[in-house]
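Read off the chains here:
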Amino acid sequence: MTTEDFGEDIESIRRWVADKLIEIISELLRRDVRDVNPKTGLECELELDSIHRVELSTRISRICGISAEVEEMDDAETFGQLTEIIAQAVSTASKKRDGIRNA
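## A closer look at the overall build of the protein
Here is step 1 of the chain: A count of helical and extended segments in the protein gives four helices and zero strands.
Here is step 2 of the chain: Across the 103 residues in the protein, those meeting the buried criterion constitute 44%.
Here is step 3 of the chain: Surface summary for the protein: the accessible area is close to 6300 Å², and the carbon and sulfur share equals 48%.

## As for the packing of helix H1 (residues 10-29) against helix H2 (residues 50-64)
Here is step 1 of the chain: In the contact formed by H1 and H2, the axes pass within 10 Å of each other and the chain directions differ by 140 degrees. Comparing the axis directions of H1 and H2 gives the class oblique. Seen from above, H1 lies across H2 with right-handed handedness. Along the contact surface, H1 presents Trp16, Lys20, Leu21, Ile24, Ile25, Glu27, Leu28 and Leu29, while H2 presents His52, Glu55, Leu56, Arg59, Ile60, Ile63 and Cys64.
Here is step 2 of the chain: Residue composition of the contact of H1 with H2, grouped by class: 10 nonpolar, one polar and four charged.

## Looking at the nonpolar core
Here is step 1 of the chain: Core analysis: the largest hydrophobic core is formed by 29 residues, its most contacted members being Leu21, Ile25 and Ile86.
Here is step 2 of the chain: Mapped by element, the contributors of at least two residues to this core are H1, H2 and helix H4 (79-102).
Here is step 3 of the chain: Ranked by residue count, the leading element in this core is H1, at 10 residues.
Here is step 4 of the chain: Those residues within four positions of isoleucine 25 in sequence are excluded, and the remaining contacts are Val33, Leu46, Leu48, Leu56 and Phe79.

## Remarks on the pattern of salt bridges
Here is step 1 of the chain: On inspection of all chains with the given rule, the structure shows seven salt bridges.
Here is step 2 of the chain: When the shortest N-O distance is used, the salt bridge between lysine 20 and glutamate 23 registers 3.9 Å. Here lysine 20 and its partner glutamate 23 are both found in helix H1, three residues apart, which amounts to about one turn of the helix.
Here is step 3 of the chain: A relative accessible area of 21% means that lysine 20 is categorised as partly exposed.
Here is step 4 of the chain: Arginine 34 is paired through a salt bridge with aspartate 32; the nearest N and O atoms lie 2.8 Å apart.
Here is step 5 of the chain: Looking at aspartate 32, the relative accessible area reads 45%, which means it is partly exposed.
Here is step 6 of the chain: Here the residues in one salt-bridge network are Glu11, Arg14 and Glu84, joined through shared partners.

## Looking at H1
Here is step 1 of the chain: Given a rise of 1.5 Å per residue, 20 residues ought to cover 28 Å, and the 28 Å separating the end C-alpha atoms of H1 matches this to within 8%.
Here is step 2 of the chain: Listed as buried for H1 are Ser12, Ile13, Trp16, Val17, Ala18, Leu21, Ile22, Ile24, Ile25, Ser26, Leu28 and Leu29.
Here is step 3 of the chain: Just beyond H1, the residue with positive phi is arginine 30, at close to 55 degrees.

Conventions and cut-offs
- Residues numbered from 1 in each chain as written.
- Predicted model: local features only at pLDDT ≥ 70, side-chain atom pairs only at ≥ 80, totals over all residues.
- Heavy atoms only, no water.
- Helix = DSSP H or I, 4+ residues; strand = E, 2+ residues; numbered from the N terminus.
- Buried < 20%, exposed > 50% of the residue type's maximum accessible area, 1.4 Å probe, protein only.
- Areas by Shrake-Rupley, 256 points an atom, 1.4 Å probe, with all protein chains shown as cover.
- Axes fitted to C-alpha atoms, helices over the stretch in contact; angles between N-to-C directions.
- Parallel < 35°, antiparallel > 145°, perpendicular 65-115°, else oblique.
- Left-handed = near helix turned anticlockwise from the far one by under 90°.
- Contact = heavy atoms within 4.5 Å.
- Nonpolar A, V, L, I, M, F, W, Y, C, P; charged D, E, K, R; others polar.
- Core = buried A, V, L, I, M, F, W, Y, C linked by side-chain atoms within 4.5 Å.
- Salt bridge = Lys/Arg side-chain N within 4 Å of Asp/Glu carboxyl O.
- Expected span 1.5 Å × (residues − 1).

What follows is the structure, encoded as C-alpha cells:
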C-alpha cells in the first residue's frame, strides 16, 4: 500500500502512518515497540533522542513522500502527536498531488 491509495480517508492514513512509525522506531531502537499507544512518550518512554528523531524524520519523509522539514515533528512529545502530524502532512501532500493530476 502506498500513500496514493488513501484518497481523503484520514483514518486510513493515520493507521498506515502509525504502522510505519512502529516499524521504523523498532528498527532504530533495535527492540519491539508494538505496544505503543497514542499517549506513549517519545523521549521518556521510547527513549528517542535527537539523533533518532533525525533518522526517523528522514525515513518517514522518504516513505510518505513528505518534506522532512515538517517542523512540528520535532515538537511532538507523544506517539499520537507524531502520528497525527505526519498523517496530516501525508493528507495534504496527497491532495496537492491529486490537484496537480486533475489540472
